[in-house]
Amino acid sequence: MKRFFAVFLGILTAIGGFVDIGDLVANSQTGARFGMNLAWAVVLGVIGIVVYAEMCGRVAAVAGRPVFDLVRERLGPRAGLANLIASFFINFLTLTAEVAGVAIALSLASSVSYLLLIPFVAFLVWLVIWRMPFETMERVFGLLGLCLLVFAVTVWKVGPDWGGLFHTASHPQVPAGETGFTYVYFAIALFGAAMTPYEVFFFSSGAVEEHWTERDLATNRANVLIGFPLGGLLSLAIMASADLILGPAGIDVGQLSQVALPVASVLGRVGLAVVLVGLFAATFGAALETALSAGYIISQYMGWMWGKYVRPRQASRFHLVVLLSIGAAMIFGLTRVDPVKVTEYSIVLSAAALPLTYFPILVIANDPSYMGDKTNGRFLNAIASIYLVILIVVSIITIPLLIITKGGSG
Amino acid sequence: MRPRAMTKAALAVCGACSLASCVAHPVGPARTYSTYEGKAVTSATAAQSSVATVQLVASTAAAGKAFGPYTVVSVSEQEEGLSAVEGTFASIQPPDRRADALRDELGAILTSAVDHIAEVRIAARRGDLDDLDRVAAPLRADAAALDAFVARHG
Amino acid sequence: MTGRVLYAGLELLDHQLRDREGRLCGNVDDLEIERSPDTGELYVTAFVAGPGALLQRMGRRRLGGWIERSNRLVNDPERDRNLIPLSLASRLGPNIDLAVDAEDLATSDTERWVRDHLIGHLPGNRHRAPE
């Protein structure tokens, strides 16, 4: 019974922790502009992250090593360094976006300008990382993130034409007023929002932080196979709420406040309060994860001691990197850079950089010298190989599309 | 690609992207009328979204479905955004006389919209949420004008 | 001399070093190789790990060399700190286990500096992580 409860809690945490500012912005924007015509991109992304995260968790539990630890070892220091630079930069953009997102969520509840709140948020993020135990951190913000289920309640309350919604989702087409280019661009954005690389760095390092062993593999699989798809369903609820309320009004999403508007419009003040808590939890949790990921990937490339499972002074360089990353993200946010634009860039570039993180995992998950007899099965390898092709294609077309569509606005 | 070249490529892409995300989309002069018209329609479309957002926020707040801070921040964001759009559009050099007329027409609509949104923001800041529907009423005319503009030139 | 025959590039280079208590203490940045005067065979005599070592291996000899010399000036001008004799390795596997403490290696030099000058001054830096 206790075990069941632990698994259940893990699944809830996975659902609540799935959505971050990238998912919020991408799903809301596409819902308003494309209706449900891009729902398939979310499904594709969710299957990808499930495959990906299961492998990472298994590698961490069996080999006891997180992904980036093994990138230098398997790919060599030069390729590893290129990977590190690209991954770190994109992770940094995401961190900036999440910190700004927390500040915006707080400003929507307090009407203090979000810029004034950014330093406070940055300090809070650092403080939680410094003091709060790893598992507590995950649980608290993951469970609070479940407040975002209010989007599902919103959709249900509207009582839409479910048949129509499903039909559009299953028979996607480029809507009038949009081009094939913007359609594919936003598909990539949704895909990148679902398959964020930092999830992988964090997930696999976290497995080592929590001292997973082979006995934890079943729990890992439950979290990933049940939690993540439900998180994907939550993303689709965000998309549907934008489709039903913002689309018909002709509203284009450029601010986080607009993402919450359907909930307020349908459910009133209570709904709005709940969604703001959810927004705060999702972005704060993601800020913690991206800040830690900055520390993880650099420390793991260099071979330094890392992790929250030791005293801070025993992993000083790791904590210094985390602190400096948060500081730099704070400064970048204070330059008045548009948080939604930074979010858009971070998810699109994440999509383009996926082969960098995905390929090493695939190689290591198949390597018996690390995995013993727990290497990938044939079915998994088949799906994983298909995804590798998809990721490479996405990687090649992303930057040109970014330029052609002028960041989605063209 | 050799690893050293890969590292340099990674740095180059990172640098380019960071610049791209920091710098606002550059708006240059429009050389032909149709290019100018296209930029005008882009500005008008952005304005439509801002106006629609404020209308929805106002009616939601007036119905008691949103509280003060959310309303104030949402409307202020749209006001700032639309002011920026207005400013950007005004800074584009019109290529000919015909474009001048277009500039005056859209300029007037945008200014009117920004003013009306400002009124909503002021009322919201004062806490007059129940009254916001009435204060936001002039935006209907702005929305209609924008729709007509986009229909004619889009 | 006899020894194991390994594919040094694959099984030694860039692998994680661990000290005798299992603490992570750097990656193998480079290898010191000598040719036996009798048989002409190549032997790995030491691991190279520490400030500047990886840069030197990747071709940035001047920058890497400067970092290494600066570190030596601060810590121990007498010997080459980045060299870890092979005799100190207790186990060669996916991780390379050493029979010394992390503190004695050059890879801890920057860690020590950051700890003593920065992180160590923050309140709570000794805070024990709960099990």
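Residues numbered from 1 in each chain as written. Chains lettered and ligands numbered in written order. Predicted model: local features only at pLDDT ≥ 70, side-chain atom pairs only at ≥ 80, totals over all residues.

A.B. asks: Help me understand the overall build of chain B in this model?
C.D. replies: Helix and strand counts for chain B stand at 6 helices and 0 strands. In sequence order, chain B lays out its α and β elements as α-α-α-α-α-α. Expressed as a percentage of the 154 residues in chain B, the buried residues total 39%. In chain B, once contacts between residues fewer than 6 apart in sequence are set aside, the share between residues at least 24 apart is 81%. (Helix = DSSP H or I, 4+ residues; strand = E, 2+ residues; numbered from the N terminus. Buried ≥ 20, exposed ≤ 12 C-beta atoms within 10 Å, placed from the backbone. Contact = placed C-beta atoms within 7 Å.)

A.B. asks: What exactly am I supposed to notice about the confidence of the model for chain C here?
C.D. replies: If pLDDT is low for a region, its predicted coordinates should not be looked at in detail. Scored by pLDDT, chain C comes out at a mean of 86, with 95% of its residues at no less than 70. Two numbers describe this predicted complex: its pTM, 0.92, and its ipTM, 0.91. (pLDDT = per-residue confidence, 0-100.)

A.B. asks: Explanation requested: the environment of A:Glu178 in the structure shown.
C.D. replies: Residue and element names in this part refer to chain A. Following the sequence through the fold, Glu-178 ends up in the loop between α9 (162–170) and α10 (180–194). Note on Glu-178: 16 C-beta atoms within 10 Å, which makes it partly exposed. A C-alpha to C-alpha distance of 30 Å links Glu-178 and Val-150, two positions 28 residues apart in sequence. Here Glu-178 is in contact with Arg-33, Phe-34 and Tyr-183, once residues within four sequence places are set aside.

A.B. asks: When you look at the environment of A:Asp252 in this model, what are you seeing that I'm missing?
C.D. replies: As for its placement among the helices and strands, A:Asp252 is situated in the loop between α12 (217–249) and α13 (256–302). Judged by the 19 C-beta atoms lying within 10 Å of it, A:Asp252 falls in the partly exposed class. Leaving out residues up to four positions away in the same chain, A:Asp252 has contacts with A:Ala32, A:Arg33 and B:Ser49.

A.B. asks: I tried to follow the interface of chain C and chain A on my own but got confused; where do I start?
C.D. replies: As a measure of interface size, the accessible area lost when the parts come together is often cited. Across the boundary between the two partners, chain C contributes 26 residues, which contact 24 residues of chain A. Listing elements by their share of the side of chain C that touches chain A, those giving two or more residues are β1 (16–18), β2 (24–27) and α4 (109–117) of chain C.

A.B. asks: Please explain the packing of helix α2 (residues 33–62) of chain B against helix α3 (residues 68–91) of chain B as it appears in this structure.
C.D. replies: Geometrically, a packed helix pair is captured by the angle between its two axes and the distance between the axes. Residue and element names in this part refer to chain B. For the pair α2 and α3, interaxial distance at closest approach is 10 Å and the crossing angle is 165°. Looking at the two axes, α2 sits roughly antiparallel to α3. For the crossing formed where α2 meets α3, the hand is left-handed. Residues Ala-40, Ser-43, Ala-46, Ala-47, Ser-50, Thr-53, Val-54, Val-57 and Ala-61 of α2 touch α3, and the partners they reach there are Thr-71, Ser-74, Val-75, Gln-78, Gly-81, Leu-82, Val-85 and Phe-89. Among the residues making up the contact of α2 with α3, the classes are represented as 10 nonpolar, 7 polar and no charged. (Axes fitted to C-alpha atoms, helices over the stretch in contact; angles between N-to-C directions. Parallel < 35°, antiparallel > 145°, perpendicular 65-115°, else oblique. Left-handed = near helix turned anticlockwise from the far one by under 90°. Nonpolar A, V, L, I, M, F, W, Y, C, P; charged D, E, K, R; others polar.)

A.B. asks: Got a minute to help me understand the sheet that holds β1(C) in this structure?
C.D. replies: Hydrogen bonds between backbone atoms are what pair the strands of a sheet, whose relative direction is either parallel or antiparallel. Residue and element names in this part refer to chain C. Read across the open sheet, the 4 strands follow the order β2-β1-β7-β6; overall the sheet is mixed. On the outer flanks of this sheet lie β2 and β6 (89–92), each paired with one strand and no other. If you compare each strand with its neighbour and ignore which way they point, the axes differ by 25° on average. In the sheet, β6 pairs with strand β7 (residues 95–98) via 3 bridges, with the strands oriented antiparallel. Across the sheet, the residue bridging to Leu-92 is Ile-96, located in β7. (Pairing = 2+ DSSP bridges.)

A.B. asks: Hey, could you run me through the sheet that holds strand β3 (residues 30–35) of chain C in this one?
C.D. replies: Residues and elements named next belong to chain C. Reading across from one edge, β3-β4-β5 is the order of the 3 strands in this open sheet, with antiparallel pairing throughout. The open sheet is flanked by β3 and β5 (83–85), the only strands paired with a single partner. Each strand of the sheet is rotated relative to its neighbour by a mean of 45°, with strand direction disregarded. Strand direction decides the pairing type here: strand β4 (residues 42–48) and β5, joined by 3 bridges, are antiparallel. Paired with Phe-47 across the two strands is Ile-84, which belongs to β5.

A.B. asks: Just to check I follow, could you spell out α13(A) for this structure?
C.D. replies: Residues that lie three or four places apart on an α-helix share one face, since the helix turns once every 3.6 residues. Residue and element names in this part refer to chain A. With 47 residues, α13 should cover 69 Å at 1.5 Å per step; its first-to-last C-alpha distance of 37 Å lies more than 12% under that length. Of all the bends in α13, the greatest, near 140°, is centred on Gly-268. Taken across its 47 residues, α13 has 42 buried, putting it largely inside the fold. (Expected span 1.5 Å × (residues − 1). Bend = angle between axes of the 7 residues up to and from the residue.)

A.B. asks: Where do I start with the pairing of β3(C) in this structure?
C.D. replies: Remember that side chains alternate between the two faces of the sheet whenever the strand is regular. All names here are of chain C. Bridging between β3 and β4 involves 6 bridges; their strand directions are antiparallel. In the strand pairing of β4, Glu-32 is matched with Ala-46. Linking β3 to β4, which pair antiparallel, is a turn of 6 residues; within it Gly-40 sits at a positive phi near 80°.

A.B. asks: Whenever I open this one, the nonpolar core confuses me. Can you help?
C.D. replies: For soluble globular proteins, nonpolar side chains are generally found buried alongside one another. Residues and elements named next belong to chain A. Counting residues in hydrophobic clusters, the biggest one holds 220 residues, and the most contacted among them are Val-99 and Leu-190. In terms of residue count, α13 provides more of this core than any other element does, 28 residues in total. Apart from residues lying up to four places away in sequence, Leu-190 is in contact with Ala-26, Asn-27, Thr-30, Leu-38, Ala-41, Val-42 and Gly-45. (Core = buried A, V, L, I, M, F, W, Y, C linked by C-beta atoms within 7 Å.)

A.B. asks: For this particular structure, what's the right way to read the arrangement of the chains?
C.D. replies: No other pair among the 2 pairs of chains in contact exceeds the contact count of chains A and B. One finds no contact linking chain B with chain C; the least C-alpha distance across the pair is 9 Å.

A.B. asks: Which parts of the structure should I look at to understand the pairing of β7(C)?
C.D. replies: All names here are of chain C. Of the two faces of β7, the one lined by Ile-96 and Leu-98 is fully buried and the one lined by Asn-95 and Asp-97 carries no buried residue. Alignment of β1 against β7, held across 3 bridges, turns out to be parallel. Note on β7: the bridge partner recorded for Gln-16 is Asn-95. Linkage of β6 to β7, two consecutive antiparallel strands, is achieved through a turn of 2 residues.

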